[in-house]
Amino acid sequence: MDQPLRVAVTGAAGQIGYQLVFRIAAGEMLGRERSLQLNLLEIPPAMDALNGVVMELDDCAFPLVKGIVPTDSPETAFANVDIAILVGSRPRSPGMERRDLLEANGEIFTIQGKALNDCAARDVKVLVVGNPANTNCLIALRSAPDLSPTQFCAMTRLDHNRALAQLAHKTACHVSEIKGLAVWGNHSPTMFPELGSTTVAGKSALSLVDMDWYGNEFIPAVQQRGAAILQARGFSSAASAANAAIEQVRDWHLGTELVTSMGVYSTGNYGISEEIVFSYPVTCDADGVHIVENRVLDQFSREKIAITEQELVDERDAIKHLI
Ligand code: NAX
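Residues numbered from 1 in each chain as written. Predicted model: local features only at pLDDT ≥ 70, side-chain atom pairs only at ≥ 80, totals over all residues. Heavy atoms only, no water.

K.L.:
Teacher, can you tell me more about helix H5 (residues 133–142) here?
P.N.:
Along an α-helix, residues three or four apart share an orientation, since each turn contains 3.6 residues. Judged by how many residues are buried, H5 sits mostly within the fold: nine of ten residues are covered. The complete set of buried residues in H5 reads Ala 133, Asn 134, Thr 135, Asn 136, Cys 137, Leu 138, Ile 139, Ala 140 and Leu 141. (Buried < 20%, exposed > 50% of the residue type's maximum accessible area, 1.4 Å probe, protein only. Helix = DSSP H or I, 4+ residues; strand = E, 2+ residues; numbered from the N terminus.)

Here's what the structure looks like:
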């Protein structure tokens, strides 16, 4: 068997962490042949809860798991890791402005970016899930100057999957028949799930739905899906978020067959501002993540993309002192 891959998960005792680590340990992310070591990071007040998670992992006796390291030290958690999934972050508390949230999380992702820079494997892949995910990802990658920005991405796979499901319901098709769908921009209510290049069972998606549904139902439903789940369940999305993290890392690590969506460091593709983490249509292979080029974007799409781009530029400006 190969050397175990080292996988770090932060916020491992949280809601998403609890849905994530058992599936990783079972081989659903890296394959059922790949042994792994799990490094689990939490903050000191959550270490008891994390130890409970470790006890349950032990009790699963997963054949692929060669070691588990629970810790509250980022340097220990990220030592030689091949993959880091950064879930842990500060939630918005009552009265907290978005700017305060950016600031509080900025500190966390600065520290973790530095620790990754100093301790992780030189080809580490880092997925940022904790919100505001795109800007946290920007802070982390800027705090890791010895790593390439291409080694970092923000999670927009949940938004992508939500869009697939909405479109499949509307067109009475199966999600597996949908190709080319992409989510652009920020993981926030400004994100733009775009159907211009999407096909459903080989037919143009926009020939199967009307613009009223697209603009006034589909896009808001995807943008507000997190809030709808919070309202229905009383808790934010956790199992679907963990599933999306597993799929995004699996595609990045093993390669994609279809176009998917990932928040990546912008170097200006499609005229988007540079130096923000922006969700694009992408494919992945052994050489990394590739932004799909030459998509035709109509006026409607360009306007939607400009809104979410501006939000990311504003977020970047709010944390400029950290990057
Ligand atoms: P929870 O509050 O249940 O868990 C977060 C965990 O992170 C807690 O156990 C906490 O102790 C830990 N933590 C806090 N600061 C830490 C630090 N500095 N180092 C290590 N651990 C730390 O939140 P959960 O529901 O699991 O959500 C986690 C994050 O994912 C939130 O920021 C949430 O907004 C974000 N989400 C992102 C999504 C995306 O698509 N990108 C979707 C789902 C989710 O909303």
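K.L.:
Would you mind showing me how to read the nonpolar core here?
P.N.:
Looking at soluble globular proteins, one finds that nonpolar side chains tend to be buried together. Within the largest apolar cluster, 72 residues are counted, with the highest numbers of intra-cluster contacts made by Ile 24, Ile 85 and Leu 167. Considering each element in turn, this core owes the most residues, seven residues, to helix H9 (residues 239–254). Apart from residues lying up to four places away in sequence, Ile 85 is in contact with Ala 8, Val 9, Thr 10, Leu 20, Ile 24, Met 29, Leu 127, Val 129 and Val 249. (Core = buried A, V, L, I, M, F, W, Y, C linked by side-chain atoms within 4.5 Å. Contact = heavy atoms within 4.5 Å.)

K.L.:
Would you take a moment to explain the packing of aromatic side chains for this structure?
P.N.:
Any two aromatic rings considered together are summarised by their centre-to-centre distance and by the angle between their planes. Per the stated rule, a full pass over the model turns up nine aromatic pairs. For the ring pair Trp 184 and Tyr 280, a centre distance of 5.9 Å and an interplane angle of 65° mean the geometry is edge-to-face. Note that Trp 184 is positioned in strand E8 (residues 182–184) and Tyr 280 in strand E13 (residues 277–285), a separation of 96 residues in sequence. Here the two residues Trp 184 and Tyr 280 agree in accessibility, since each one is buried. Relative to Phe 218, the ring of Tyr 214 has its centre 6.1 Å away and its plane inclined at 35°; by these criteria the two rings are tilted. With Tyr 214 and Phe 218 both in helix H7 (residues 211–223) and four residues apart, this pair spans about one turn of that helix. (Phe/Tyr/Trp six-rings, centres within 6.5 Å; stacked < 30°, edge-to-face > 60°.)

K.L.:
Where do I start with the pairing of strand E1 (residues 5–10) in this structure?
P.N.:
Look at any regular strand and the pattern is simple: side chains alternate between the two faces of the sheet. With respect to burial, E1 is a largely interior element, five of its six residues being buried. As paired strands, E1 and strand E2 (residues 36–41) are joined by six bridges and run parallel to one another. Looking at E2, one finds that Val 7 is bridged to Leu 38. Regarding the hand of the β-α-β motif, the stretch spanning E1, helix H1 (residues 15–25) and E2 is right-handed. Across four bridges, the pairing between E1 and strand E4 (residues 83–86) is parallel. Across the sheet, the residue bridging to Ala 8 is Ala 84, located in E4. (Pairing = 2+ DSSP bridges. Right-handed = clockwise from strand over helix to strand, strands pointing away.)

K.L.:
Sorry, what's going on with the environment of Ser 279 here?
P.N.:
As for its placement among the helices and strands, Ser 279 is situated in strand E13. Residues Ser 279 and Val 264, spaced 15 residues apart in sequence, show a C-alpha to C-alpha distance of 6.0 Å. Once you skip the residues sitting within four places of it in the chain, Ser 279 turns out to touch Asn 134, Thr 156, Val 183, Trp 184, Gly 185, Ser 261, Met 262 and Gly 263. A polar contact is formed between the side chain of Ser 279 and the side chain of Thr 156, at a distance of 2.8 Å. (Polar contact = N/O pair within 3.5 Å; in protein donor to acceptor, adjacent residues only side chain to side chain.)

K.L.:
Would you mind going over the site of the ligand with me for this structure?
P.N.:
In the vicinity of the ligand, 24 residues are found, and the nearest of them are Gln 15, Ile 16, Glu 42, Ser 89 and Asn 131. The backbone of Gly 14 places a nitrogen or oxygen atom 3.4 Å from an oxygen atom of the ligand. Measuring from a nitrogen atom of the ligand, one finds a backbone N or O atom of Met 155 at 3.4 Å. Summarising the interface, the protein chains cover 81% of the accessible area of the ligand, which totals 880 Å² for the free molecule. Breaking the shell around the ligand down by element, the ones donating at least two residues are H1 and helix H4 (98–119). In terms of residue class, the shell around the ligand is made up of twelve nonpolar, eleven polar and one charged. (Near = heavy atom within 4 Å. Areas by Shrake-Rupley, 256 points an atom, 1.4 Å probe, with all protein chains shown as cover. Nonpolar A, V, L, I, M, F, W, Y, C, P; charged D, E, K, R; others polar.)

K.L.:
Looking at this model, I keep getting lost on a negative patch on the surface. Mind explaining?
P.N.:
Together, Glu 97, Asp 100, Glu 103 and Glu 107 line one region of the surface with negative charge. Note that Asp 100 resides in helix H4. Taking relative accessible area as the criterion, Asp 100 reaches 37% and is therefore assigned partly exposed. (Patch = residues over 30% accessible without salt bridge, like charges linked within 9 Å, V, L, I, M, F, W, Y side chains within 5 Å. Salt bridge = Lys/Arg side-chain N within 4 Å of Asp/Glu carboxyl O. Lys, Arg positive; Asp, Glu negative; His and termini not counted. Charge placed at Lys NZ, Arg CZ, Asp CG, Glu CD.)

K.L.:
Sorry if this is basic, but what is going on with the sheet that holds strand E7 (residues 178–179) here?
P.N.:
Backbone hydrogen bonds are what pair the strands of a sheet, in a parallel or an antiparallel way. Ordered by their spatial adjacency, three strands build an open sheet running E7-E10-E11, and the pairing between neighbours is antiparallel. One side of each edge strand has no neighbouring strand; the edge strands of this open sheet are E7 and strand E11 (203–204).

K.L.:
Can you help me understand the pattern of salt bridges in this one?
P.N.:
When their charged atoms lie close together, side chains carrying opposite charge are able to pair. In this structure the tally under the stated criterion is eight salt bridges. We note a salt bridge from Glu 28 to Arg 23, for which the minimum N-O separation is 2.6 Å. For Arg 157, the salt bridge identified is with Asp 251, shortest N-O distance 2.8 Å. With Arg 157 in helix H6 (residues 157–171) and Asp 251 in helix H9, the pair connects residues that are 94 residues apart, well separated along the chain. Judged by its relative accessible area of 12%, Asp 251 falls in the buried class. When salt bridges with common partners are traced through the structure, they connect Arg 157, Glu 247 and Asp 251 into a single cluster.

K.L.:
Which parts of the structure should I look at to understand unusual backbone geometry?
P.N.:
Among all residues except glycine, the phi angle is most often negative; among peptide bonds, the trans geometry is most common. Pro 132 follows Asn 131 through a cis peptide bond whose omega is -10°. For Pro 132, the position within the fold is in the loop between strand E5 (125–128) and H5. Positive phi values are uncommon outside glycine, yet Asn 80 reaches one of about 60°. Mapped onto the elements, Asn 80 comes out in the loop between helix H3 (74–77) and E4.

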